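# Chains, contacts and geometry: an overview
What follows is the residue order along each chain.
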Amino acid sequence: MCGTAMFPAGPPWSRVRVLQVLWALLAVLLASWRLWAIKDFQECTWQVVLNEFKRVGESGVSDSFFEQEPVDTVSSLFHMLVDSPLNPSEKYLGFPYYLKINYSCEEKPSEDLVRMGHLTGLKPLVLVTFQSPVNFYRWKIEQLQIQMEAAPFRSKEPCMAEEVCSMSWYTPMPIKNGSVVMRVDVSSNGLGSFIPDKRFQMNINGFLKRDQDNNIQFTVGEKLFDLMPRYFVGVSSRPLWHTVDQSPVLILGGIPNEKYVLMTDTSFKDFSLVELSIDSCWVGSFYCPHSGFTATIYDTIATESTLFIRQNQLVYYFTGTYTTLYERNRGSGSWVRVLASECIKKLCPVYFHSNGSEYIMALTMGKHEGYVYFGTIRDGQVSFEMLPRKWSVCEQIGVTTCSIIWSEYIAGEYTLLLLVETGYGNASKRFQVVSYNTASDDLELLYHIPEFIPEARGLEFLMILGTESYTSTAMAPKGIFCNPYNNLIFIWGNFLLQSSNKENFIYLADFPKELSIKYMARSFRGAVAIVTETEEIWYLLEGSYRVYQLFPSKGWQVHISLQLMQQSSLYASNETMLTLFYEDSKLYQLVYLMNNQKGQLVKRLMPVEQLLMYQQHTSRYDLERKGGYLMLSFINFCPFSVMRLRSLPRPQRYTRQERYRARPPRVLERSGFHNENSLAIYQGLVYYLLWLHSVYDKPYADPVHDPTWRWWENNKQDQDYYFFLASNWRSSGGVSVEMDSYEKIYNLESAYELPERIFLDKGTEYSFAIFLSAQGHTFRTQTELGAAFQLHSQVDVGVVLADPACIEASVKQEVMINRNSVLFSITLKDKKLCYDQGISGHHLMKTSMTVNLLLPTGGGFIWALLPGNAPGAPYAIFYPFFLIQDLVTGDSGSFQGSPCALLSLVATFCWWWVAGPQWTASRTTARTKSTASTAPWTSNPRGAPRVIRLASPGGCSHFQAKPTSQAPTSASQALPTVGLLGSHRQTPARPLTPRPLHIRPHPLHPPLASLHTDH
């Protein structure tokens, strides 16, 4: 529940003393009673490591994930299973690794807990999700999962007990061709201790090898074991650049005067410090003057198979050994220097892949100033092309000299956005935003950035029209940020400009002009974290106008005080942030801590919701005297007591998710523990199950449409006989293989949350409902002369469509007055107006649809656009995020929720189209004048996006286009917005120009008859 919390603060002390107590107890006071009830259970957590087969059962060992070939160590065991439903003539292989699973709780030995969990029936369930590859020309696009039940295994250590001293659970760690990034979700079967679900990254590290002594070494350099404080203390933070959801190995440089980098294949759960084996040879020249040599690795970018670095003006790349991605090994033997004759001043990342390739950009200086080197990576092969192809940017915008200081690539439009600096003699520098189309070779000047920062005069934002007054502070832009999900463009430096159409920009006045942005951490789910040159951290919800300071802040002081009181190992009085990044829509810091002259590098969560909550309550509380005591009273910011999703359809029809289930073979032993032979058989069964999936081509004449049915086709009739053997402990080999334990799942139920991806075919729709129970009085009655009695809700829903030409949404409202609740039924539908689609699932465009909650403040409704967390709400924000597309592709964030939550639904649709830039929307009014009008869909004069209000107070499901001109205030509920993926494209009408010649499609393009589809 969400309610005003009141607790005694002690005798009548001075106000200063009371405030000190407040800061120390604030988080405790804000905790709901429900969280108190489950606190003891939340202290337990899953632990997962990787083990080779020969090290199964050993304690304290963990292996690196780099072996990719199947192993032939299990086939001899299957020949012993003569009286089982298996065909002994089939070839059974195994995987190189197992997952070892334990769990631990605070102040309790892990061995005792695991043994207790096993005796009480606890069994971990492991769900492995394979990420689709970049090159869809070589590999089939699919969303594949396998769910496995873990098998208990006794440790090999000597034990005096009769049964077991220490144990763990094990499952095979499967590998799939085309996938090098895998998510492992561990959950409980519901018995034994309560352990929250946990996700792990299990990625293949193609930059490791074995030496002659069978020791594991890095191929990119030499691993260092001494993390000296001088490498990190006082060092400026730097961005973490990589291809989103596709990079198995991340790399981070920036260590002063050393060619060292941090490398990780677990998203910094663990990491290694590596000295790179590069020559570091650089000689200055006339066009590339020697301005000071340093060994520091400045820019680092990770892709699916290749790492890029910049040292001084030199650029190197290294391709990993990934046999699961290529037909043959294309790994580099050493670092490869590229653009050797060029003077490179900066590398710019491309966050999303497209057309079966990944991309990178290099900005030059000297003889080729005004050009961009555009790099393409496909199957580990790297090529660069200098753009524009004919004349430089400087020549095409009509200036003698210019400098490109940032480049952003919009893959869905084949467009480069260039931030260009020009200087005219002794005059001040001017900056422009230039658009260059890589397909048509057309260049267009989009926007002239004002010379000085505007005078906001107390406003939260200001529409740049050219008539506003300006301060004396010059604008110093540093970069451009584009979110392909919602098409928002940001220009950042010592200011923030935001645009939804690349032409009209809004100045966000909350960010102080005295600061300068160093880099932005992007979630691509609507939330953006900003790091300044002075290492301050700010927070922005895309589409809104408020920018919030997270560090340093009052909220951060409360949080750090509470963490130090709890003696948390993740915080220290002396710490240095190395980078800030998003993972699964959550913000994380990589921090170097100094405690008692000892250093430690840790990854920790940046609690954005709590920081914003603390900042609200440190300024909004009351002290009331009750007899001889002072009482703390906090304002209740949570408008809802209940929020649930209802009427969710079964997910597999819309998600195209293919899931298999595998259970370990039954062991014929009284204790139920497995041995090495039974675990090896488990490996072979999981391998064969996935092999059946890979070779199954889904012919239309197949009577079952299930790749597993041929496995048991001839033995299903003898299932009772095999059960009789197992029940009487007569199965050969000491194990019993049950045919029902290896199957494809078709009847998954909805987990009371929106799926990560939703696929809509032409003309189909997806419906769900939102149930809200509000606190206080949220309904009113209204009677008009000549009209029937009507019930009105003061809670409404606003829908914002990024591409209404292809998608339509409708909302139907049902008021439940007896429950003080309201039910919103939302339907998303493809309008059958977007065509020009090629092979299904390829060339997807990202678009967005946002459902926002409208709350009454004063005399009307206000709204806030964009995802993340509501700055005006003291609780976590629930924002389901889902994709709608034609075939399985892409990735996105997952459901985030809490007992008290605002609603922000962001849908990701997958269409693509060629259409004009005009957006239109029909506007009708229910039970009023029977007129309808159609008008261009544009921004209102103040620049706020329009809201499509779909919920009628009277329950009528009508469509009404209604502009909003009121800016969000501090009391508004800024609701999270998300982006959508689509396979339709909305771009200005243009001829379908082929890609540049250096982007070569794979000759083995999959024929239409072999396409993978479930329908």
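One can find the structure itself at the top, above this paragraph.
A brief structural summary.

Conventions we followed
- Residues numbered from 1 in each chain as written.
- Predicted model: local features only at pLDDT ≥ 70, side-chain atom pairs only at ≥ 80, totals over all residues.
- Heavy atoms only, no water.
- Helix = DSSP H or I, 4+ residues; strand = E, 2+ residues; numbered from the N terminus.
- Buried < 20%, exposed > 50% of the residue type's maximum accessible area, 1.4 Å probe, protein only.
- Areas by Shrake-Rupley, 256 points an atom, 1.4 Å probe, with all protein chains shown as cover.
- Expected span 1.5 Å × (residues − 1).
- Polar contact = N/O pair within 3.5 Å; in protein donor to acceptor, adjacent residues only side chain to side chain.
- Arc of directions from axis to C-beta.
- Contact = heavy atoms within 4.5 Å.
- Pairing = 2+ DSSP bridges.
- Axes fitted to C-alpha atoms, helices over the stretch in contact; angles between N-to-C directions.
- Salt bridge = Lys/Arg side-chain N within 4 Å of Asp/Glu carboxyl O.
- Disulfide = S-S within 2.5 Å.
- Core = buried A, V, L, I, M, F, W, Y, C linked by side-chain atoms within 4.5 Å.
- Parallel < 35°, antiparallel > 145°, perpendicular 65-115°, else oblique.
- Left-handed = near helix turned anticlockwise from the far one by under 90°.
- Nonpolar A, V, L, I, M, F, W, Y, C, P; charged D, E, K, R; others polar.
- Phe/Tyr/Trp six-rings, centres within 6.5 Å; stacked < 30°, edge-to-face > 60°.
- Lys NZ or Arg CZ within 6 Å of the ring centre and 35° of its normal.

### Regarding the overall build of the protein chain
A count of helices and strands for the protein chain gives 10 helices and 66 strands. Out of the 1015 residues in the protein chain, the part that is buried amounts to 57%. Within the structure as shown, the protein chain displays about 42400 Å² of accessible surface, and the carbon and sulfur contribution to it stands at 52%.

### Considering helix α9 (residues 676-695)
In this model α9 runs 29 Å from its N-terminal to its C-terminal C-alpha over 20 residues, within 8% of the 28 Å that 1.5 Å per residue would give. Counting buried positions along α9 yields 15 of 20 residues, so the element is predominantly enclosed. Residue N675 occupies the N-cap position of α9, its side-chain oxygen lying 3.1 Å from the main-chain nitrogen of N677.

### Here's the deal with helix α10 (residues 719-727)
Within the span of α10, buried status applies to Y722, L725 and A726. Within α10, the buried residues cover an arc of 95 degrees as seen down the axis, which keeps them to one side. Residues of α10 that are exposed and angled more than 90 degrees away from the buried face: D720 and F723. For α10, the secondary structure elements touched by its buried residues are β47 (666-667) and β48 (735-736).

### Details of the sheet that holds strand β37 (residues 527-532)
Within a beta sheet, neighbouring strands are joined by backbone hydrogen bonds and run either parallel or antiparallel to one another. Taken in spatial order, the four strands make up an open sheet running β36-β37-β38-β39, and their pairing is antiparallel. Looking along the sheet, the strands with just one partner apiece sit at the ends: β36 (517-522) and β39 (547-551). Each strand of the sheet is rotated relative to its neighbour by a mean of 30 degrees, with strand direction disregarded. Judged from the five bridges that link them, β36 and β37 form a sheet pairing that is antiparallel. Within β37, the position partnered with I517 by the bridge is T532. On top of the sheet, helix α7 (residues 608-618) reaches β38 (537-541) and β39; it is set at about 100 degrees to β39, its chief contact.

### Remarks on the pattern of salt bridges
Taken as a whole and assessed by the stated rule, the structure comprises 35 salt bridges. For the salt bridge of R650 with E749, the shortest nitrogen-to-oxygen distance reads 2.7 Å. With a gap of 99 residues between them, R650 in the loop between β45 (640-646) and α8 (652-655) and E749 in the loop between β49 (742-745) and β50 (757-758) connect regions that are remote in the sequence. Of the residues examined, E749 reaches a relative accessible area of 51% and is grouped as exposed.

### Details of the environment of S166
With respect to the helices and strands, S166 occurs in the loop between β6 (151-154) and β7 (167-172). For S166, a relative accessible area of 10% translates into the label buried. Once the C-alpha coordinates of S166 and R154 are considered, the two residues, 12 residues apart in sequence, prove to be 6.3 Å apart. Apart from residues lying up to four places away in sequence, S166 is in contact with E111, R115, R154, S155 and E157. One polar contact links S166 to S155, side chain to side chain, over a distance of 3.0 Å.

### A few points about the state of the cysteines
The full count for this structure, using the stated rule, is two disulfides. The disulfide bridge from C44 ends at C105, spanning 1.7 Å between sulfur atoms. Around the S-S axis, the bridge from C44 to C105 shows a dihedral of about 100 degrees and counts as right-handed. Separated by 61 residues along the polypeptide, C44 in the loop between α2 (33-38) and β2 (45-52) and C105 in the loop between β3 (97-104) and α4 (110-119) bring together distant segments of the chain. According to the relative accessible area criterion, C44 is buried, its value standing at 10%. Looking at C105, the relative accessible area reads 11%, which means it is buried. Sulfur-sulfur distance for the disulfide between C394 and C402 comes to 1.9 Å. Disulfide C394 to C402: torsion about the S-S bond roughly -85 degrees, handedness left-handed.

### Examining the nonpolar core
Buried together is how nonpolar side chains tend to be arranged in soluble globular proteins. Formed by 92 residues in total, the largest nonpolar core has its most connected members in M173, M263 and W711. The dominant element in this core, judged by the number of residues it contributes, is α9, at 11 residues. Those residues in contact with M263 that lie beyond four places of it in its chain are F207, F218, V220, V249, L250, I251, F271, S272, V274 and L307. Within the second largest apolar cluster, 84 residues are counted, among which are V434, A456, M463 and F495.

### Some details on unusual backbone geometry
In the segment running from L387 into P388, the intervening peptide bond is cis, with an omega of -5 degrees. Within the secondary structure, P388 sits in the loop between β24 (381-387) and α5 (393-396). The omega torsion across F551 and P552 is -10 degrees, close enough to zero to call that bond cis. With respect to the helices and strands, the residue P552 is situated in the loop between β39 and α6 (554-565). Phi at S647 is positive, roughly 55 degrees, even though this residue is not glycine. With respect to the secondary-structure elements, S647 resides in the loop between β45 and α8. Accessibility expressed as a relative area gives 60% for S647, which makes it exposed.

### A closer look at the pairing of β7
In terms of burial, β7 is largely enclosed, as six of its six residues are buried. Here four bridges tie β3 to β7, and the two strands are oriented antiparallel to one another. Its bridge partner lying in β7, L99 is registered against T171. The pairing of β6 with β7 spans four bridges and is antiparallel. Counted as the bridge partner of F153 is S168 from β7.

### Considering the pairing of strand β41 (residues 586-595)
Burial analysis of β41 places eight of its 10 residues in the buried class, which makes it a mostly covered element. Pairing analysis gives nine bridges linking strand β40 (residues 574-583) to β41, with the strands arranged antiparallel. Bridge pairing in β41 places E583 opposite K586. Linking β40 back to β41 in an antiparallel pair, the connection comprises two residues, with D584 at a positive phi of about 55 degrees. Inspection of the sheet shows β41 paired to strand β42 (residues 598-605) by eight bridges, in the antiparallel sense. Pairing of V591 across the sheet is with V602, part of β42. The turn joining β41 and β42, which pair antiparallel and follow one another in sequence, is formed by two residues; a positive phi near 55 degrees is taken by N596.

### Observations regarding the packing of α6 against α7
The axes of two packed helices give the description: the angle between them and the distance between them. It is at 7 Å that the axes of α6 and α7 come closest, and there the two elements cross at 110 degrees. Of the possible angle classes, the one that applies to α6 and α7 is roughly perpendicular. The interaxial crossing formed by α6 with α7 has right-handed handedness. Here α6 contributes K554, G555, W556, V558, H559 and L562 to the contact with α7, which in turn contributes Q610, L611, Y614, Q615 and T618. Here the contact of α6 with α7 is composed, by residue class, of five nonpolar, five polar and one charged.

### What about the sheet that holds strand β13 (residues 241-242)?
Within the open sheet, the five strands sit side by side as β13-β17-β18-β19-β20. Their pairing is mixed. Only two strands of the sheet have a single partner each, and these edge strands are β13 and β20 (336-338). Taken together, the six bridges between strand β18 (residues 306-311) and strand β19 (residues 314-319) define a ladder with antiparallel strand orientation. Looking across to β19, one finds that L307 is bridged to F318.

### Remarks on the packing of aromatic side chains
Here the structure, examined in full by the defined rule, presents 39 aromatic pairs. Between Y359 and F374 the ring centres are 5.2 Å apart and the planes differ by 25 degrees, which places this aromatic pair in the stacked class. With Y359 in strand β22 (residues 358-365) and F374 in strand β23 (residues 372-378), the pair connects residues that are 15 residues apart, well separated along the chain. Given a relative accessible area of 1%, Y359 falls into the buried group. Overall, F374 belongs to the buried group, its relative accessible area being 1%. Both rings, one in F511 and one in W538, keep their centres 5.6 Å apart while their planes meet at 70 degrees; by these two values the pair is edge-to-face. Linking F511 in the loop between β35 (506-508) and β36 with W538 in strand β38, this pair joins segments that are 27 residues apart in sequence. For the residue pair F511 and W538, the accessibility class agrees, reading buried in each case. Among the aromatic residues, those joined into a ring-pair cluster are F78, Y92, Y688, W691, W711, W712 and Y742. Over the face of the ring belonging to F771 we find R646, whose NZ or CZ atom lies 4.1 Å from the ring centre.

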